[in-house]
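# Breakdown of the fold
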Amino acid sequence: MNRQSDIIVIGAGPAGLAFARYFKGTDLQITVIDKANLPSIESPAYDGREIALTHRSKEILQDLGAWQRFDASEIYPLKNAKVYNGTSNYALHFSVPKDLTLLSSADRLGNLISNHNIRQALYDEVKTLPNITLLTDTTIKHIDTNDTSVQVGLDDGSVLHAKLLIGADSRLSYVRRTLGIGAQMNDFGRTVIVFRVSHPLSNEATAQECFFYGRTLALLPLNDHLTNCVITLDNTQATELLAMTPNELAKEAQRMMNDKLGVCSIAGSIHHYPLMGVHANTFIAKRAALIGDAAVGMHPVTAHGYNLGLLSVDTLGKLIIQAHRDNLDIGSQSLLARYNLRHQRHTRPLYHGTNAMVSMFTNDKPAMRVVRDVALRFSNNLPPIKRWITGQLTGK
């Protein structure tokens, strides 16, 4: 069986669904393919990931109708952020810039929303759209592109045809590899352990990034007495923490945060993930483009991962809609080249800058410990640098 679409999207995660939703109200026909089963996409499970969204990302999600679907009690304001080095109490402190407060009445750096809630809201937005077809439990057998079209062969023997192919299928993207697009990949050799803790003292809506020696602790404030803990450590050390009982792990987190939130208790499930960064050498191929993690997968320390994913959706989506309105080819090489240039400008400095920062702040040699401390103090006392970093955090 042959099926015709305008765009085929491979991957029904938060980037792929956001991209599909972008074309609500148009006559473009979108087919979204995912190997996962429908129930896991219809009702995504909590996975421990709390996503820090910039003001720009909030605007994009509002335009997509997803933000309005979030329960107000599960939108967690991020009002301040602090960075610590080693065991020092000195912090590089970020708050809402005065100019942003005056211009937009912003009262926070951004918002934290659970990953599964983002996925749920986006699925609920696309599930009834007449121009969106979702194929689940589907394995792709081959991808072929030429000057005029895309063909995607499925495991049931059918072949899909389209004008444009979108890869939105994870950091280890099948689409990227099949299209012969290389990538800079950084396996940090570390594991991320994530879990929520409840505590008696207020977290004051302040995120904290603590670069200890040998491991890193990030504290993401949810409500006043609920915090998401993100412990990053070498794979060789992760087994020990993962073998702990929930009570033991809560005590370890409490020890790492120097009791600043009081007695902690695990509030929910515990999850862990390998830590890997990736940046595609190019985001395009013949009649194909990469978005989301297939294009760029960031180290979580700067909280830019999904923000860049939404930016890729917004950048490419606008170009396609304008081309369609002008009766131009939505898969033309010139359109894709404009997307690649614009998104590369945003992602490359952030990707390499983040990796450089992580390299410095996880180097525990005595000389580097001093450099780390000097870097924090220097950044804290140089307003232009501090405002630039805050601008990256807020998206403004």
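Scroll up to find the structure this text is about.
Attention shifts here to the overall build of the protein. Secondary structure summary: the protein contains twelve helices and 22 strands in total. For the protein, whose C-alpha radius of gyration is 22 Å, the value lies close to the compact-globule estimate of 21 Å for 396 residues. Along the three orthogonal principal directions, the C-alpha set of the protein runs to about 60 × 45 × 40 Å. Each of the 396 residues in the protein was classed as buried or not, and the buried ones make up 54%. Taking the contacts inside the protein whose residues are at least 6 apart along the sequence as the reference set, 73% of them involve residues at least 24 apart. Roughly 17300 Å² of accessible area belongs to the protein as shown, and the carbon and sulfur atoms make up 53% of that amount. Across the protein, the 40 positively charged side chains and the 35 negatively charged ones have centroids separated by 6 Å.

All right, on to helix α10 (residues 333-361) then. Within an α-helix, residues lying three or four positions from one another point in the same direction, as the helix has 3.6 residues per turn. With 29 residues, α10 ought to run about 42 Å at 1.5 Å a step, and its terminal C-alpha atoms sit 41 Å apart, in line with that. A bend of about 35 degrees at glutamine 344 is the largest found in α10.

As a further point, take the pattern of salt bridges. A complete count under the given rule lists 19 salt bridges for this structure. Among the salt bridges present, the one from lysine 286 reaches aspartate 147, with a minimum N-O distance of 3.3 Å. One end of the pair, lysine 286, is in the loop between β20 (284-285) and β21 (288-290); the other, aspartate 147, is in the loop between β10 (140-145) and β11 (150-154), with 139 residues separating them in the sequence. Assessed through its relative accessible area of 59%, aspartate 147 is described here as exposed. In this structure, the salt-bridge partner of arginine 372 is aspartate 364, at a minimum N-O distance of 2.9 Å.

So, about the packing of aromatic side chains. Summed over all chains, the structure comprises five aromatic pairs. Centre to centre, the rings of phenylalanine 211 and phenylalanine 361 are 4.9 Å apart; their planes meet at 35 degrees, and the pair counts as tilted. Taken as a pair, phenylalanine 211 in strand β15 (residues 206-211) and phenylalanine 361 in helix α10 lie far apart in primary sequence, 150 residues in all. There is no split in this pair, since phenylalanine 211 and phenylalanine 361 are both buried. Ring pairs connect the aromatic residues Phe19, Tyr22 and Phe23, which therefore count as one cluster. A cation sits over an aromatic face here: arginine 49 above tyrosine 273, 3.7 Å from the ring centre.

In contact at an axis separation of 10 Å, helix α3 (residues 55-63) and helix α9 (residues 305-325) are set at 50 degrees when each is read in the N-to-C sense. If you check the angle between α3 and α9, you find them oblique. The two elements α3 and α9 meet at a crossing, and its hand is left-handed. Here α3 contributes Arg56, Ser57, Ile60 and Leu61 to the contact with α9, which in turn contributes Tyr306, Asn307, Leu310, Leu311, Asp314 and Lys318.

With that settled, the discussion passes to the pairing of strand β4 (residues 50-53). Burial along β4 is two-sided: Glu50 and Ala52 facing one way and Ile51 and Leu53 facing the other are all buried. Here β4 pairs with strand β8 (residues 110-114) via four bridges, running antiparallel. The residue bridging glutamate 50 from the neighbouring strand is serine 114, located in β8.

We now examine the packing of helix α1 (residues 14-21) against α9. The interhelical angle for the contact between α1 and α9, taken along N-to-C directions, is 25 degrees, at an axis separation of 9 Å. Judged by the angle between their axes, α1 and α9 are roughly parallel. The way α1 lies across α9 gives a crossing that is right-handed. Every residue of α9 that contacts α1 at Pro14, Ala15, Ala18 and Phe19 is listed here: Tyr306, Leu310, Val313, Leu316, Gly317 and Ile320. Across the contact of α1 with α9, the residue classes tally to nine nonpolar, one polar and no charged.

Attention now moves to the sheet that holds strand β13 (residues 164-167). As summarised here, the arrangement of the six strands in space is β9-β3-β2-β13-β21-β20, forming an open sheet in which the pairing is mixed. Either end of the sheet is taken by a strand with one partner, and the two such strands are β9 (132-135) and β20.

Turning next to helix α11 (residues 366-380). With 15 residues, α11 ought to run about 21 Å at 1.5 Å a step, and its terminal C-alpha atoms sit 22 Å apart, in line with that. Residues of α11 that are buried include every one of Arg372, Leu376, Ser379 and Asn380, and no others. Considered in projection along α11, the buried side chains sweep an arc of 105 degrees and stay on one side of the axis. Away from its buried face by more than 90 degrees, α11 exposes Pro366, Ala367 and Val370.

On to a nonpolar patch on the surface, then. On the surface, Val370, Val374 and Phe378 cluster together to form a nonpolar patch covering roughly 290 Å² of accessible area. In this structure, valine 370 sits in helix α11.

Counting residues in each nonpolar core, the largest one holds 76 residues, and the members touching the most others are Ile7, Phe19, Val152, Leu316 and Ile320. Sort the elements by how many residues they give to this core and α9 lands first, with ten residues. Core analysis: the second largest hydrophobic core is formed by 25 residues, Leu78, Val194, Leu220 and Leu376 among them.

What counts as what
- Counting restarts for each chain: residues are numbered from 1 in the order of the written sequence.
- Predicted model: local features are reported for residues with pLDDT of at least 70 only, side-chain atom pairs are reported and counted for 80 or more only, and whole-chain, interface and lining totals are derived from all residues.
- For the side-chain quantities, the full set of heavy atoms in the structure was used; hydrogens and water were omitted.
- In this text, helices come from DSSP runs of H or I with a minimum length of four residues, and strands from runs of E with a minimum of two, each type numbered from the N-terminal end.
- Restricting the calculation to C-alpha atoms gives the radius of gyration, and the globule rule supplies 2.2 Å times the number of residues raised to the power 0.38.
- Partly exposed describes any residue whose relative accessible area lies between the buried limit of under 20% and the exposed limit of over 50%, with all areas from a 1.4 Å probe on protein chains only and scaled to the type maximum.
- In what follows, a contact means two residues having at least one pair of non-hydrogen atoms within 4.5 Å.
- Areas reported here follow the Shrake-Rupley algorithm with a probe of radius 1.4 Å; residue values treat only the protein chains shown as occluding.
- Only four residue types enter the tally: Lys and Arg on the positive side, Asp and Glu on the negative side, with His and both chain ends excluded.
- A charge is said to be at NZ when it belongs to Lys, at CZ for Arg, at CG for Asp and at CD for Glu.
- Multiplying 1.5 Å by the helix residue count minus one yields the expected span of that helix.
- Note on bend: the value at a residue is the angle between axes fitted to the seven residues ending there and to the seven starting there.
- By convention in these notes, a salt bridge is any Lys or Arg side-chain nitrogen within 4 Å of a carboxyl oxygen on Asp or Glu.
- Note on aromatic contacts: the rings of Phe and Tyr and the six-membered ring of Trp form a pair at centre separations within 6.5 Å, being stacked when their planes are under 30 degrees apart, edge-to-face when over 60 apart, and tilted otherwise.
- Both a distance and an angle decide whether a charge sits over a ring: NZ of Lys or CZ of Arg must be within 6 Å of the ring centre and within 35 degrees of the ring normal.
- To get an axis, fit a line to the C-alpha atoms, keeping to the stretch in contact for a helix; angles then go from 0 to 180 degrees between the N-to-C directions.
- Oblique is the label for any angle not covered by the other classes, which are roughly parallel (under 35 degrees), roughly antiparallel (over 145) and roughly perpendicular (65 to 115).
- By convention, the crossing between two helices is left-handed when the near helix turns anticlockwise from the far helix through less than a right angle, and right-handed when the turn is clockwise.
- Strands qualify as paired when DSSP identifies two bridges or more between them.
- Residue classes follow a fixed rule: Ala, Val, Leu, Ile, Met, Phe, Trp, Tyr, Cys and Pro count as nonpolar, while Asp, Glu, Lys and Arg count as charged, and any other residue, Gly among them, counts as polar.
- Directions pointing from the helix axis toward each C-beta atom define the arc.
- Put simply, a patch holds well-exposed residues, over 30% relative accessible area, that have no salt bridge, with like charges counted together within 9 Å and Val, Leu, Ile, Met, Phe, Trp or Tyr side chains within 5 Å.
- Grouping buried Ala, Val, Leu, Ile, Met, Phe, Trp, Tyr and Cys residues that are joined through side-chain atoms within 4.5 Å yields what is termed a nonpolar core.

Geometric values such as these leave the question of function open.
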